[in-house]
Structures are given as C-alpha cells and as structure tokens.
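Geometric and topological summary
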Amino acid sequence: MRKYLLSNVVLILIGLMLYSCDSSQSDKKPYGEGKIGVITARAMSHLGTNVPLKLIDDDVNTFWHSAEPAGNFGWVSISYPKPVKISKYSITRRTDIWSQSPVDFVLEGAIDREFQAEQYSKNKWKIIDEQRAQDWSREAQKTYTIKQPKEFIHYRIRILATGDKAYASIAELGLIE
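For every chain, the first residue of its written sequence is number 1, and the numbers climb from 1 along that sequence. In keeping with the predicted nature of the model, local features appear solely for residues at pLDDT of at least 70, side-chain atom pairs appear and are counted solely at 80 or more, and the whole-chain, interface and lining totals rest on all residues. Hydrogen atoms and water are omitted, and side-chain values are computed over all heavy atoms in the structure.

**A word on the overall build of the protein**
The helix and strand tally for the protein stands at one helix and eleven strands. Numbering of helices and strands starts at the N terminus; helices are DSSP runs of H or I of at least 4 residues and strands are runs of E of at least 2. Taken from the N to the C terminus, the helices and strands of the protein come in the order α-β-β-β-β-β-β-β-β-β-β-β. The classification of residues rests on relative accessible area computed with a 1.4 Å probe and restricted to protein chains. Under 20% of the type maximum is buried, over 50% is exposed, and intermediate values are partly exposed. Sorting the 177 residues of the protein into buried and exposed places 47% on the buried side. Pairs of residues are marked as contacts when any of their non-hydrogen atoms sit within 4.5 Å. Restricting to contacts in the protein with at least 6 residues of sequence separation, those with at least 24 account for 75%. Each accessible area is a Shrake-Rupley estimate made with a 1.4 Å probe; only the visible protein chains count as cover when residues are assessed. For the protein, the computed accessible surface area is about 9500 Å², with 52% contributed by carbon and sulfur atoms.

Printed below as a string of structure tokens:
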C-alpha cells in the first residue's frame with residue numbers, strides 16, 4: 001500500500017511538472033505535454049517501469065501495464081487543470097503483445113474539481129463512449145469519435161476485458177480536441 005501511494009505521489013508531481021511546461025499546441029492535436037495536470041491509474045505494474053506516464057510519452061515501445069490479472073484490469077485517468085472538450089481519442093497497442101490490448105472498455109468523464117483518484121465516487125463518472133469486441137490483431141492504433149462531446153476535467157479509460165483475459169497494457173493514449 002505504501003509503495004502504491006508513493007508511486008501516485010511521484011506521478012502527480014511529474015504530471016504537475018508537465019503542466020508547468022510551455023507548449024503551444026495548435027487546435028486538433030492530442031492533449032499531452034504541457035496541458036495535463038495529473039495522470040494516474042489503478043492496477044499499475046508492480047515493477048514500477050510501466051507506469052501511466054508511458055501512455056503520453058510519444059513512444060510506442062513503452063507502455064502502461066496493469067499489475068492485477070483476471071478481470072481486475074483497472075483504469076487510467078488523465079486530468080486537466082480546466083475543462084476540455086475531447087472529440088476523439090486513440091489507443092495504441094503494444095508492439096509486442098497485442099492480446100493484452102483492451103477488447104471491452106469504457107471512456108468516462110467527470111467535471112468535479114475535487115478529484116481524488118481512489119476515492120472518487122463511481123456515480124460522478126459519465127460514460128462518454130463504450131467499445132466492445134475490439135480486434136487488435138491487425139491494427140496497432142485505433143481512433144474513436146465521441147458522438148456527443150462535452151467538457152470534462154477528468155477522463156478515464158476503464159478496461160473491462162482484454163484479449164488474453166489476463167493483464168492489460170496500452171502503449172499510447174491520445175485525447176484529441
């Protein structure tokens with residue numbers, strides 16, 4: 001438990017450092033460096049190397065990996081300092097093991113500024129998009145369009161199932177205005 005809390009504190013500090021960077025990104029580009037306040041996850045890799053920040057490092061050879069198998073795949077949350085309207089999102093699978101990619105998952109959003117990842121009430125999350133039976137055997141990246149985009153401060157991918165029904169891993173996660 002102490003190790004988990006320490007890793008979350010480190011991720012929050014790194015996320016805040018990314019937020020303080022000056023980045024002049026134009027419209028219609030993925031939100032990432034310089035705009036994210038906090039990125040965290042439930043069920044992070046126990047090795048400490050495959051942490052949620054790997055999802056936004058622009059390197060398809062690195063990835064976030066869940067630590068808990070057998071149906072408890074967890075989630076990854078990205079928070080912004082102010083509300084952002086995301087119209088599309090993309091998921092890039094690992095280059096070496098596509099079977100750990102999310103097959104069933106939900107993209108959720110929340111607006112509450114008093115966000116605490118582990119204590120955040122389930123009923124404050126709104127389902128933005130839901131995908132089922134995704135096949136990752138041919139495509140390395142998939143982009144999904146949000147039918148009715150709304151502004152949220154917090155976005156979360158909640159993984160319900162993977163191809164190998166064991167662990168979950170994602171190389172890159174892009175949230176696009």
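That was the structure; now back to the text.
**As for the side chain of S101**
Checked against the element boundaries, S101 lands in the loop between β5 (88–92) and β6 (102–110). A polar side-chain atom of S101 sits 2.9 Å from the main-chain carbonyl oxygen of W98. Any N or O atom pair separated by 3.5 Å or less is treated as a polar contact, with the protein-specific requirement of one donor-capable and one acceptor-capable atom, and with residues adjacent in sequence counted only for side-chain atom pairs.

**Remarks on the confidence of the model for the protein**
Confidence per residue, as judged by the predictor, is encoded in pLDDT with a range of 0 to 100. Scored by pLDDT, the protein has a mean of 75; 64% of the residues are at 70 or more. Mean pLDDT in the protein bottoms out at helix α1 (residues 2–20), which sits at 38, and peaks at strand β8 (residues 141–145), which reaches 97.

**So, the packing of aromatic side chains**
Each aromatic ring pair is specified by the distance between its two centres and by the angle formed by the two planes. Between 30 and 60 degrees the pair is tilted, below 30 it is stacked and above 60 it is edge-to-face, where a pair is any two Phe, Tyr or Trp rings, Trp via its six-membered ring, whose centres lie within 6.5 Å. Considering all chains together, one arrives at five aromatic pairs under this definition. Ring centres of Y89 and F105 lie 6.5 Å apart, and the angle between their planes is 85°; this geometry places the pair in the edge-to-face category. Taken together, the residues Y89 in strand β5 and F105 in strand β6 connect sequence positions 16 residues apart. In this structure, Y89 and F105 share a single accessibility class: buried.

**Quick look at the pairing of β6**
Among the nine residues that make up β6, nine are buried, leaving the element largely enclosed by the rest of the structure. One requirement defines pairing of two strands: DSSP has to find at least two bridges between them. With eight bridges connecting them, β6 and strand β9 (residues 151–162) associate as antiparallel partners. Its bridge partner being in β9, D104 is matched across the sheet by A161. Pairing of β6 with strand β7 (residues 126–131) involves five bridges; the strand directions are antiparallel. Its bridge partner lying in β7, F105 is registered against Q131.

**Structural notes on the pattern of salt bridges**
Note that side chains of opposite charge can pair when their charged atoms are close. When a carboxyl oxygen of Asp or Glu is within 4 Å of a side-chain nitrogen of Lys or Arg, the pair counts as a salt bridge. Counted according to the given criterion, the structure contains six salt bridges. Note that D104 is salt-bridged to R132, the shortest N-O span being 4.0 Å. In this pair, D104 is assigned in strand β6 and R132 in the loop between β7 and β8, connecting sequence segments 28 residues apart. You can call D104 buried: its relative accessible area is 18%. The partner of E139 in a salt bridge is K142, with the nearest N and O atoms 3.5 Å apart. Residue E139 is classed as partly exposed on the basis of its relative accessible area, which comes to 40%. Residues joined in a network through salt bridges with shared partners are D104, E130 and R132.

**Some details on the nonpolar core**
Residues W64, Y89, I91, Y155, I157 and L175 are the most contacted members of the largest nonpolar core, which totals 27 residues. Residue assignment for this core shows that the elements contributing at least two residues are β4 (75–85), β5, β6, β9 and β11 (172–176). When neighbours within four sequence positions are excluded, Y89 is seen to be in contact with F105, L107, D129, Q131, K142, T143, Y144, I146, I157, G174 and L175. Among buried residues, those of type Ala, Val, Leu, Ile, Met, Phe, Trp, Tyr and Cys that are joined through side-chain atoms within 4.5 Å constitute a nonpolar core.

**Remarks on the environment of G74**
For G74, the position within the fold is in the loop between β3 (64–65) and β4. Judged by its relative accessible area of 9%, G74 falls in the buried class. Note: C-alpha distance between G74 and A41 (33 residues apart in sequence) is 7.2 Å.

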